[in-house]
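Architecture at a glance
What follows is each chain in one-letter form.
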Amino acid sequence: QKPAFVQCTQCRVTYYCCVDHQRADWLGIHEKICESLIDLRQPAPFMPSEELRQNREDDLVRQRKQMIDLTRTTGQKLLFEGKHEQAVPAAMQSLRFAIEVHGIASIELVPS
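Anyway, here's the lowdown on the structure attached to this text. (Residues numbered from 1 in each chain as written. Predicted model: local features only at pLDDT ≥ 70, side-chain atom pairs only at ≥ 80, totals over all residues. Heavy atoms only, no water.)

Digging into the packing of helix α1 (residues 19-41) against helix α3 (residues 84-102)
- Viewed as axis vectors pointing N to C, α1 and α3 meet at an angle of 25°, and their least axial separation amounts to 6 Å. With respect to each other, α1 and α3 are oriented roughly parallel. Counting all contacts with α1, which are made through A24, D25, L27, G28, I29, I33, L37, L40 and R41, the residues of α3 involved are Q86, P89, A90, Q93 and F97.
- Per-class residue counts for the contact of α1 with α3 are nine nonpolar, three polar and two charged. (Axes fitted to C-alpha atoms, helices over the stretch in contact; angles between N-to-C directions. Helix = DSSP H or I, 4+ residues; strand = E, 2+ residues; numbered from the N terminus. Parallel < 35°, antiparallel > 145°, perpendicular 65-115°, else oblique. Contact = heavy atoms within 4.5 Å. Nonpolar A, V, L, I, M, F, W, Y, C, P; charged D, E, K, R; others polar.)

Next comes the structure, spelled out in structure tokens:
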């Protein structure tokens, strides 16, 4: 793997090893999720109470589940259109979000 020095200029939370990979990700899924990634990848702000921390965590899980649906649907659509290489970034994002929500050993990682 190459070091990732190319940063998305819009969300500023996604990095790439080269412009070609950035372009492939943009066409595959990043254009659709760029803005949403900001909240999901920013460090958590200070929350003075356990209730606020739990509310934020619940909200992040809800957002990640929405991202699973969006990225999985987008990847499937691209596959059905015969755009196999463009489907890979969407599938990878779907897998990442599913791991964050369900854990690495969950059956939920395998789409039905």
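A closer look at the side chain of R64
- Tracing the backbone through its elements, the reader meets R64 in helix α2 (residues 50-80).
- Looking at R64, the relative accessible area reads 13%, which means it is buried.
- Those residues in contact with R64 that lie beyond four places of it in its chain are L40, E57, F97, E100 and V101. (Buried < 20%, exposed > 50% of the residue type's maximum accessible area, 1.4 Å probe, protein only.)

Focus on the nonpolar core
- Grouped together as the largest cluster of nonpolar side chains are 15 residues, with contacts concentrated most on C11, I33, L37, L40, M67 and F97.
- Looking at this core, the elements with two or more residues in it are α1, α2 and α3.
- When residues of this core are assigned to their parent elements, the largest contribution, five residues, is made by α1.
- Sequence-distant contacts of I33, that is, excluding residues within four places in its chain, are made with M67, L70, T71 and Q93. (Core = buried A, V, L, I, M, F, W, Y, C linked by side-chain atoms within 4.5 Å.)

Interpretation note: all reported values are geometric properties and have no functional meaning in isolation.
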